[in-house]
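Topology and contacts: notes
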Amino acid sequence: MADEVVAAGHRELLELLEGYASLSRDYAAAREPRLALLAMWTSDVHVLQLLLLESGLDRAPDPSAQLAAVGEAVDLSLTTLSLDAPTPRRLLEQAREAMVATFDASVHAMLADRFLSLDHLDEVQTPSADAAGRAVEHRLDGRTFEQLVADLEATAQDCVAVAWAMLAADDLDGVLRQMHHADLATFEAFLLRAASESGDETLASVDLSWDLAARAFTERPTPPVSHADVEATVDAWRERLVVSAGWAQAARMRASFLAVPVA
């Protein structure tokens, strides 16, 4: 069972690092330099997490605490980074160099060789100074951080209440629609809280995780024919959201979802 959990962690981290790199390419094509850089850096962070998992992170007494300690060490290395790099690509290259330098020389090549190509950043322009502020304003839409989280959590509760009414009317497709709305609201609220706890004042992690998760919902779920279909479909998309939120947040993310109405 332990080997199966580790194997699943490998697959999820590999999927995440490739997914964020793909997201970075999309942002670059859409001329969103700030998000293109941040998505690629997030991919690099998952490269590191995958290497740590392969090196036995899961066998540590407290893997989350160990991962947090590594993160603090990398953050300290990044404090020496100059923000006056001539190009966005060079800035990310310097960030990679700082990350690699955090560790023993024996793993430098192993880590550096795993980073994905930055070629798509060659034409990316330097982000504007107010890009982060505008992104936060867009997400908050005139509300405070606390108001937005409260609104999202209330929306989730309301959708579940409607889902119960749909269940009473034996409208299983309606139950599925309402649970979809509820879970997305719960997901966004969770991302916002996680961003606040980690000191992400620009809410960049919210934007990236949200856009990555959106790719998992490009197709409408098959209309359910039984209560088991509803639960199975909800469980499946919740796992997609859990993966998008990140390996270290998986348990908390699962616990944040509201109960699925059942007969």
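First, a word on what this report is: a plain description of the structure on this page.

The rules behind these values
- Residues numbered from 1 in each chain as written.
- Predicted model: local features only at pLDDT ≥ 70, side-chain atom pairs only at ≥ 80, totals over all residues.
- Heavy atoms only, no water.
- Core = buried A, V, L, I, M, F, W, Y, C linked by side-chain atoms within 4.5 Å.
- Buried < 20%, exposed > 50% of the residue type's maximum accessible area, 1.4 Å probe, protein only.
- Helix = DSSP H or I, 4+ residues; strand = E, 2+ residues; numbered from the N terminus.
- Contact = heavy atoms within 4.5 Å.
- Axes fitted to C-alpha atoms, helices over the stretch in contact; angles between N-to-C directions.
- Parallel < 35°, antiparallel > 145°, perpendicular 65-115°, else oblique.
- Left-handed = near helix turned anticlockwise from the far one by under 90°.
- Nonpolar A, V, L, I, M, F, W, Y, C, P; charged D, E, K, R; others polar.
- 1 Å grid on protein atoms, 1.4 Å probe; cavity = no way out; pocket = protein on both sides within 12 Å on 5 of 7 lines; lining within 4 Å.
- Points joined across faces, edges and corners; volume = space filled by probe spheres on them.

**Description of the nonpolar core**
The tendency in soluble globular proteins is for nonpolar side chains to be buried as a group. Ranked by size, the top nonpolar core spans 36 residues in total, and within it Y27, L48, L92, M99, L111 and L121 carry the most contacts. Within the residue set of this core, elements represented by two or more residues are α1 (2-29), α2 (33-54), α3 (63-78), α4 (88-101) and α9 (204-214). The dominant element in this core, judged by the number of residues it contributes, is α2, at 12 residues. Setting aside residues up to four positions removed in sequence, Y27 forms contacts with E32, L35, A36, A39, D207, L208 and D211. Counting 35 residues, the second-largest nonpolar core is a separate cluster that includes L191, L203, V206 and W237.

**Observations regarding the packing of helix α8 (residues 172-198) against helix α10 (residues 227-245)**
At a closest axis distance of 10 Å, the pairing of α8 and α10 adopts a crossing angle of 20°. Here α8 is positioned roughly parallel relative to α10, judged by the angle of their axes. As for the relative orientation of α8 and α10, their crossing is right-handed in sense. The residues of α10 that touch α8, namely those facing L172, V175, L176, M179, H180, D183, L184, F187, F190 and L191, are H227, V230, T233, V234, W237, R238, L241, S244 and A245. Class assignment of the residues belonging to the contact of α8 with α10 gives a composition of 13 nonpolar, 4 polar and 2 charged.

**As for unusual backbone geometry**
Phi at R31 takes a positive value of approximately 60°, unusual for a residue other than glycine. With respect to the helices, strands and loops of the structure, R31 is situated in the loop between α1 and α2. Despite not being glycine, D170 has its phi angle at roughly 60°, a positive value.

**Quick look at empty space enclosed by the protein**
Counted according to the given criterion, the structure contains 1 cavity of 30 Å³ or more. In this structure, the largest cavity encloses a volume near 30 Å³. In terms of lining, the largest cavity is formed by L167, L172, V175, H227, V230, E231, P261 and V262. Contributing elements (two or more residues each) for the lining of the largest cavity: α8 and α10. With 3 residues, α10 is the single largest residue contributor to the lining of the largest cavity.

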